[in-house]
Amino acid sequence: MIKIGDAAVSEEKVVDTAPLASPKEEEDSKAEKKSTSTKKSKAKTQSRGTGRAKLTKAQEEKEINLFKENIYIVFVECETPGNIGFLARTMANFGLKNLILINPPKLTNEAYYQATHGKYIVENAKIYKTLDEFYQSQRIDFKVASTGMAGGSYNLSRIPLRPEELGKSLNASNKIAILFGREGNGLTNKEIEDCDICVSIPTDPTYPIMNISHAAAIIFYELFKNKHDYGVKGLEESSELEKEYLLKDMSDLINSLDIPDHKKKNGLKSFKNIINRAFITGREAHTLKGILRRLKIKLGEE
């Protein structure tokens, strides 16, 4: 698959129109061509593979800052202070700094000790009583739930992305919250349903639930290695408000149909899942909204 920034190599067939040379000149010419060919071959070997558009130092620094500033790691109702420290340490490994604790236990010395060089993350962690309080306070644009129990097509809220898909698609220009649940029970169905997408790590079904710091390390790595992929102008992801308006228009359309309520609910949820997994841009959201609005007008006329 060709991505923006991939290097393309093309070959041309050259027709030699030079006059015939003497045997000695021909031999010298062959030697020179062989030397040049060897140099070109080495150069081509070194440049094989996928290329990436070179960013200026200022652009690179801007993207790194966005990655650090806009991603919030949310630990919901942690049961032991030590796991807060382990999570903070993992965050420090990948340049993340915004730790949010929802109704946590008392932060004892164990939390700071287990954080090691990520101690400053625990010290600067923000504490909220509920997720809703956090969402309203920080004006989060995109919410990602993590779960070890992925769902199938009949559990629409738990249809997951894999970490590598999340890492390739996530736009750090917006405020993003990544949720990790309780050590014993994880996130509730309601907490997952309130998120835009769900991420899950494939594991052996005999023991699918991972330690939080191990799961976090896999997800953070995928985010970190792709953090420079969002320097293309005009591809900014749609904001939460743009998606809300889009979903409202679709909801109005669905509610105008003569179908059972449960089918209306599932239809809207399916549309929401598709929109969120596609990571649509603001321009795409605006275009779709225009189409849905015209459909509403058309249906109103009939």
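Everything that follows concerns the structure shown earlier in this document.
Position numbers for residues start from 1 in each chain and track the written sequence from start to end. Side-chain atom pairs in this predicted model are given and counted only at pLDDT of 80 or more, local residue features only at pLDDT of at least 70, and totals for whole chains, interfaces and linings cover all residues. Note: side-chain values were computed over all heavy atoms of the structure, leaving out hydrogens and water.

1. Focus on the packing of helix α3 (residues 81-93) against helix α9 (residues 212-225)
Argument step 1. Only C-alpha atoms enter the line fits that serve as axes; for helices the fit covers just the stretch in contact. Angles between N-to-C directions range over 0 to 180 degrees. Note on conventions: DSSP H or I runs of at least 4 residues are helices, E runs of at least 2 residues are strands, and numbering of each starts at the N terminus. Relative to each other, α3 and α9 sit at 20°, their axes nearing to 9 Å. As far as their axial angle goes, α9 and α3 are roughly parallel. With respect to the hand of their crossing, α3 and α9 are arranged in right-handed fashion. In this structure, α3 uses Asn83, Phe86, Leu87, Thr90 and Met91 to contact α9, whose residues at the interface are Ile212, Ser213, Ala216, Ala217 and Phe220.
Argument step 2. We call Asp, Glu, Lys and Arg charged. Ala, Val, Leu, Ile, Met, Phe, Trp, Tyr, Cys and Pro are nonpolar, and the rest, Gly among them, are polar. Residues belonging to the contact of α3 with α9 are distributed by class as follows: seven nonpolar, three polar and no charged. By the definition adopted for this analysis, an angle is roughly parallel if under 35 degrees, roughly antiparallel if over 145, roughly perpendicular if from 65 to 115, and oblique otherwise. Whether a crossing is left-handed or right-handed is set by the direction in which the near helix is turned from the far one by less than a right angle, anticlockwise for left-handed and clockwise for right-handed. Every residue pair with non-hydrogen atoms within 4.5 Å of one another is taken to be in contact.

2. A few points about the sheet that holds strand β6 (residues 176-180)
Argument step 1. Two strands qualify as a pair provided DSSP detects at least 2 bridges between them. One open sheet accounts for seven strands, arranged β3-β2-β1-β6-β4-β7-β5; its pairing is parallel. Edge strands, defined here as strands with exactly one partner in the open sheet, are β3 (126-128) and β5 (160-161).
Argument step 2. Alignment of strand β4 (residues 142-146) against β6, held across four bridges, turns out to be parallel. Considered in β6, the bridge of Ala145 is made with Leu179.
Argument step 3. Of the strands in this sheet, β1 (71-76), β2 (98-102) and β6 are in contact with helix α2 (residues 57-70), which crosses β1 at around 20°.

3. Some thoughts on the pattern of salt bridges
Argument step 1. Any Lys or Arg side-chain nitrogen found within 4 Å of a carboxyl oxygen on Asp or Glu counts as a salt bridge. One pass over the full model with this rule turns up ten salt bridges.
Argument step 2. Between Glu77 and Arg182 there is a salt bridge, with the nearest N and O atoms lying 2.8 Å from each other. With Glu77 in the loop between β1 and α3 and Arg182 in the loop between β6 and α8 (189-193), this pair connects stretches of sequence that are 105 residues apart.
Argument step 3. Three or more residues joined by partner-sharing salt bridges are found here, namely Lys248, Asp249, Asp252, Lys289 and Lys296.

4. Thoughts on the nonpolar core
Argument step 1. Each nonpolar core is a collection of buried residues, namely Ala, Val, Leu, Ile, Met, Phe, Trp, Tyr and Cys, held together in the definition by side-chain atoms within 4.5 Å. Remark: exposure states derive from per-residue accessible area (1.4 Å probe, protein chains only) relative to the maximum for the residue type, with buried under 20%, exposed over 50%, and partly exposed in between. One finds Ile73, Leu87, Leu166 and Phe220 to be the most contacted residues of the largest nonpolar core, which totals 36 residues.
Argument step 2. No other element matches α9, which puts six residues into this core.
Argument step 3. Counting residues in each nonpolar core, the second largest holds 16 residues, with Tyr72, Ile100, Leu179 and Leu187 among its members.

5. As for the state of the cysteines
Argument step 1. Cysteine sulfur pairs qualify as disulfides if the two atoms are within 2.5 Å. A full pass over the atoms with the stated rule returns zero disulfides.
Argument step 2. Note on Cys195: no disulfide assigned, nearest cysteine sulfur contributed by Cys198 at a separation of 8.2 Å.

6. Concerning α2
Argument step 1. To estimate the expected span of a helix, subtract one from its residue number and multiply by 1.5 Å. Here α2 is 14 residues long and its end C-alpha atoms lie 20 Å apart, about the 20 Å a rise of 1.5 Å per residue gives.
Argument step 2. Within the span of α2, buried status applies to Glu63, Phe67 and Asn70. Looking straight down α2, one finds its buried side chains confined to an arc of 105°; they lie on one side. Turned more than 90 degrees off the buried face of α2, the exposed positions are Lys57 and Ala58.
Argument step 3. Check the buried side of α2 and you find it contacts β1, β2, β6 and α9. What the arc describes is the spread of directions from the helix axis to the C-beta atoms.

Read these as layout, nothing more, since geometry by itself doesn't imply function.
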